[in-house]
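A look at the structure
So the chains spell out like this:
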Amino acid sequence: MFAHRLADDAELRPLEPWQSAEFAEHVARVRDDIVEYIPWGHLIVDEATARAYLDSYAEKQARDAGRIYGIWMDGVLQGGTLFRTFDAAMGVCELGVWLAAEARGRGLITTAARHMIDWTFGTRGMHRVEWHCDRRNTSSSAVARRLGMTREGVLRESYLLGGTRRDVEIWAVLADEWRSA
Ligand SMILES: CC(C)(COP(=O)(O)OP(=O)(O)OC[C@H]1O[C@@H](n2cnc3c(N)ncnc32)[C@H](O)[C@@H]1OP(=O)(O)O)[C@@H](O)C(=O)NCCC(=O)NCCS
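Residues numbered from 1 in each chain as written. Predicted model: local features only at pLDDT ≥ 70, side-chain atom pairs only at ≥ 80, totals over all residues. Heavy atoms only, no water.

Attention shifts here to the site of the ligand. With respect to spatial proximity, 20 residues lie near the ligand, and among them Val97, Leu99, Ile109, Thr110 and Asn137 are the closest. One of the backbone nitrogen or oxygen atoms of Ile109 is found 2.7 Å away from an oxygen atom of the ligand. Here an oxygen atom of the ligand and a side-chain polar atom of Thr110 are 2.4 Å apart. Expressed as a share of its isolated accessible area of 940 Å², the protein-covered part of the ligand is 68%. Counting atoms within 2 Å of the grid points, the majority share of the ligand lands in the largest pocket. Ranked by residues supplied to the shell around the ligand, first place goes to helix α5 (residues 138–146) with 4 residues. Counted by class, the shell around the ligand contains 9 nonpolar, 7 polar and 4 charged residues. (Near = heavy atom within 4 Å. Polar contact = N/O pair within 3.5 Å; in protein donor to acceptor, adjacent residues only side chain to side chain. Areas by Shrake-Rupley, 256 points an atom, 1.4 Å probe, with all protein chains shown as cover. 1 Å grid on protein atoms, 1.4 Å probe; cavity = no way out; pocket = protein on both sides within 12 Å on 5 of 7 lines; lining within 4 Å. Sits in = over half its atoms within 2 Å of the grid points. Helix = DSSP H or I, 4+ residues; strand = E, 2+ residues; numbered from the N terminus. Nonpolar A, V, L, I, M, F, W, Y, C, P; charged D, E, K, R; others polar.)

Per the counting criterion, the structure on display carries 17 salt bridges. The salt bridge partner of Glu25 is Arg29, with a shortest N-O separation of 2.9 Å. In this pair, Glu25 and Arg29 both sit in helix α1 (residues 20–34), 4 residues apart, roughly one turn of the helix. Overall, the relative accessible area of 41% leaves Glu25 in the partly exposed class. Its relative accessible area of 33% is what places Arg29 among the partly exposed residues. (Salt bridge = Lys/Arg side-chain N within 4 Å of Asp/Glu carboxyl O. Buried < 20%, exposed > 50% of the residue type's maximum accessible area, 1.4 Å probe, protein only.)

Moving on to the environment of Pro14. Looking at the element boundaries, Pro14 is found in strand β2 (residues 10–14). Since its relative accessible area comes to 17%, Pro14 is described here as buried. Spatially, the C-alpha atoms of Pro14 and Met1 are 7.1 Å apart, while their sequence positions differ by 13 residues. Each residue touching Pro14, except ones within four places of it in the same chain, is listed here: Met1, Phe2, Gln19, Ile68, Tyr69, Gly70 and Trp72. (Contact = heavy atoms within 4.5 Å.)

Among all positions of α5, only Ser140, Ser141, Val143 and Ala144 are buried. Projected down its long axis, α5 carries its buried residues within an arc of 150 degrees, all on one side. Facing away from the buried side of α5 by over 90 degrees, the exposed positions are Thr138, Ser139 and Arg145. Tucked inside the fold, the buried residues of α5 contact α4 (108–123), β6 (128–134) and β8 (164–174). Once α5 finishes, Gly148 follows within two positions and takes phi at roughly 85 degrees, a positive value. (Arc of directions from axis to C-beta.)

When the UniProt feature table is mapped onto this chain numbering, "domain: N-acetyltransferase" (unreviewed entry) sits at residues 10–177. Secondary structure across residues 10–177 divides into 38% helix and 37% strand, with the first and last C-alpha atoms of the span separated by 28 Å. (UniProt positions renumbered as here; feature names shortened; annotations may be inferred.)

Have a look at this one:
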C-alpha cells in the first residue's frame, strides 16, 4: 500500500470498497470520457455495481493478485490506476489507468504509473510490467511510450468491447530496463 502526491492538487491513494458511493458518482460523471476503452465504464451503473467492482479488487489484493488506486484532485476522485493482474510467483503484472477528460494533459497518469512501476520493481521485486491498449487508443500508447515501454506486438481482434472486436497492443518494461532508465 502507498500514497503519493502527484501535484499540488492531486494525490494517488488506495481506492477501497467503503468508497463505493464516491466511485459510483465518479464513474457516472466520467463515463463518456472512458467508456470507449474501459470495460467497466459500461458495467458500473450504481453504488451496488461500484461496490461489487471494488470488492473484487479488495479480494484480489487479499490474494496479492491485483490492486486499485484512485487519483483525487482537490479532494474529488478524477481517475486512477490499477494492477488488473498481478502474478507475484511469475513476476508479471498488467498496469491499467483512466482519467477524467478535464484532468488530462498534465502528466498525472505518467507520474502515477511511474510510482506504480517503482513499487512493482523496487518493493516487490517483480520482473515485467505490461500495458495492454486498443490499437486506436493513441493517448494510452503515448503513456506506455513515455514510460519507456517496448511495443511487443498486437493481438488482432482479441478483445470484444461494446460490440466491436479490438486489436490489442502489448507494451512492456522489464525490471533491468526500468533501473537503467
Ligand atoms: C489514457 C489516459 C489516462 C491518458 O491521459 P493523459 O492525461 O493524456 O496522460 P498523462 O497524464 O500521462 O499526460 C500526458 C499529457 O500531458 C502532457 N504533460 C504535461 N506535463 C507533463 C509531464 N510532467 N509529464 C508527462 N506529460 C506531461 C503531455 O505532453 C501529454 O499531453 P498530450 O496528450 O497533449 O501530448 C486518458 O486518455 C484516458 O483516461 N483515456 C480513457 C481511458 C483509457 O483509455 N485508459 C487506458 C486504457 S488502456
